[in-house]
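Coordinate inspection notes
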Amino acid sequence: MRVVVQNDKSRARIPKVARRCAAAALAATALVSGCSALGSDSGARGAPGQGAPGQGAPGQGGHGGPADPQARLAAEHARMVAAARHWNLDEVPLSPPAPPARKPKITARAGFEVDGQEEENLPPVFTTVPTRRKVVFLTIDDGAEKDPAFLRMMSDLKIPYTAFLSNYLVKDDYGYFRRMQSEGHTLNNHTLTHPYLPGLSYEEQKDEICGMQAVMKRKFGKAPTVFRPPYGNYNGDTLRAAKSCGIKYAPIWDEEVFVDHWEYREDDRNLHPGDIVLTHFRGRNDWDGTMVDDMRRFLNKVTREGYAVARLEDYL
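So, here's what we can say about the structure. Keep in mind that this is a model prediction, so the values were computed, not measured.

Thoughts on the overall build of the chain
For the chain, the helix and strand inventory stands at 8 helices and 11 strands. Split into buried and exposed, the 316 residues of the chain put 55% on the buried side. Here the analysis covers contacts within the chain between residues at least 6 apart in sequence; of these, 74% occur between residues at least 24 apart.

Okay, here's the thing in structure tokens:
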């Protein structure tokens with residue numbers, strides 16, 4: 001029986017923001033100038049996972065405004081500049097492209113397969129979505145920290161993310177995650193109690209995964225089709241149990257971000273198009289910083305390197 005072992009850490013301290021940029025004067029030409037500093041950016045900012053402002057689904061930041069498209073663009077640009085400054089970002093985050101018309105085929109990453117992977121059509125474990133677009137996907141695990149400032153920050157900046165929830169950590173405040181869901185973010189399965197799954201029997205693993213499916217349906221209205229094994233650890237029984245519970249995908253991650261550093265799976269220590277980035281619901285009890293500090297570090301790096309944050313489920 002093959003067991004795939006990953007590492008999952010939680011440590012950090014507060015980063016120092018590299019610089020602050022002053023906003024340039026707003027003008028229509030600034031909106032299409034291709035700059036991404038706080039005073040001007042490379043395009044209009046849309047709702048999480050969308051490509052244009054004012055067109056998001058309810059609860060995702062789409063709103064009315066001036067009837068003139070260029071005036072509406074300028075107003076949204078001004079709002080994003082103000083939001084980036086408020087959250088002390090180096091630059092305005094880049095807007096993701098519209099979701100692909102044809103979704104990429106997701107297969108297990110080479111070396112991450114289990115026996116029977118293809119024959120049994122088991123959920124693939126992958127760290128990167130196959131795409132040439134310069135996008136990355138933000139995923140946040142477990143649900144321990146419930147920071148309202150984090151929700152405000154991500155709403156203000158319209159950054160999409162996927163939460164992988166463990167019931168023992170979220171059950172004291174399901175409402176926090178319902179608010180997250182109402183703003184267009186996806187809630188997925190991370191088991192009931194966050195165990196080391198390969199150490200459990202098939203039935204025990206099934207109870208952990210299917211049990212969390214039942215909680216998700218009861219508390220959030222839907223049983224997800226996406227599951228992340230705790231610590232990134234799994235075996236064949238994990239994926240068979242997950243499939244029996246209605247799971248289609250088992251993404252893990254290619255990079256992990258903390259408030260004071262990044263960690264990388266690849267030797268080149270770089271971001272790549274389609275990479276899945278992991279972080280955790282953590283605060284000062286575990287880190288020398290907050291989730292806002294963590295997100296600031298994440299957004300500054302990906303924006304500086306020319307990446308937008310896209311919604312994972314738009315590509316699955």
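Picking up after the structure, the text goes on.
A closer look at the pairing of strand β4 (residues 162-165)
Of the two faces of β4, the one holding Thr162 and Phe164 and the one holding Ala163 and Leu165 are both buried throughout. Each parallel crossover has a hand, and the one from strand β3 (residues 135-142) via helix α3 (residues 148-157) to β4 is right-handed. Note: β4 against strand β5 (residues 186-189), 4 bridges, orientation parallel. Looking at the pairing, Phe164 lines up with Asn188 of β5.

Considerations on the side chain of Arg311
By the secondary structure assignment, Arg311 is in the segment after β11 (308-310). From its side chain, Arg311 meets the backbone oxygen of Gly184 in a polar contact 2.3 Å long.

Let's talk about the state of the cysteines
Following the criterion strictly, the structure yields 1 disulfide and no others. Each sulfur of the disulfide joining Cys210 and Cys245 lies 1.8 Å from the other. On the S-S bond that ties Cys210 to Cys245, the torsion sits near -95°, and the link is left-handed. Taken together, the residues Cys210 in helix α6 (residues 202-220) and Cys245 in the loop between α7 (236-244) and β7 (250-251) connect sequence positions 35 residues apart.

What about the pattern of salt bridges?
All chains considered together, the criterion is met by 13 salt bridges. We note a salt bridge from Glu266 to Arg109, for which the minimum N-O separation is 2.8 Å. Of this pair, Glu266 sits in the loop between β9 (262-264) and β10 (276-280) while Arg109 sits in the loop between α2 (69-86) and β2 (125-126), placing them 157 residues apart in sequence. Owing to a relative accessible area of 23%, Glu266 belongs among the partly exposed residues under this scheme. Between Glu305 and Lys301 there is a salt bridge, and its shortest N-O distance comes to 2.7 Å. Classification of Glu305 by relative accessible area gives partly exposed; the value is 27%. On the basis of relative accessible area, Lys301 is assigned to the buried category, the value being 10%. Through salt bridges with shared partners, one network takes in Glu76, Arg79 and Lys158.

Quick notes on a negative patch on the surface
A cluster of acidic residues, Glu113, Asp115, Glu118 and Glu119, forms a negative patch on the protein surface. By the secondary structure assignment, Glu119 is in the loop between α2 and β2.

Reading guide: rules and limits
Going along each chain's sequence as written, the residues are numbered from 1 onward. Totals for whole chains, interfaces and linings use every residue, but because this is a predicted model, local features are given only for residues with pLDDT of at least 70 and side-chain atom pairs only at 80 or more, for both listing and counting. As a rule here, side-chain values come from all non-hydrogen atoms in the structure, and water together with hydrogens is ignored. Think of it this way: any DSSP run of H or I at least four residues long counts as a helix, any run of E at least two long counts as a strand, and we number them from the N terminus. Burial classification: accessible surface area is computed with a 1.4 Å probe over protein chains only, and a residue below 20% of its type maximum counts as buried, one above 50% as exposed, and the rest as partly exposed. Contacts were defined at the residue level, with two residues in contact if any of their heavy atoms lie within 4.5 Å. When the strands point away from the viewer, a crossover counts as right-handed if the route from the first strand across the helix to the second turns clockwise. Only strands that DSSP links by at least two bridges are regarded as paired with each other. N or O atoms closer than or at 3.5 Å make up a polar contact, with two conditions inside protein: a donor-capable atom paired with an acceptor-capable one, and, for residues adjacent in sequence, both atoms drawn from side chains. Only a pair of cysteine sulfur atoms within 2.5 Å qualifies as a disulfide here. Salt bridges are identified by distance alone: a Lys or Arg side-chain nitrogen within 4 Å of an Asp or Glu carboxyl oxygen. Within this analysis, patches are made of residues with over 30% relative accessible area and no salt bridge. Like charges are joined at 9 Å or less; nonpolar side chains (Val, Leu, Ile, Met, Phe, Trp, Tyr) at 5 Å or less. A 1.4 Å probe and the Shrake-Rupley method give the accessible areas. Residues count as covered only by the protein chains that appear here. Only four residue types enter the tally: Lys and Arg on the positive side, Asp and Glu on the negative side, with His and both chain ends excluded. Charge positions are represented by NZ for Lys, CZ for Arg, CG for Asp and CD for Glu.

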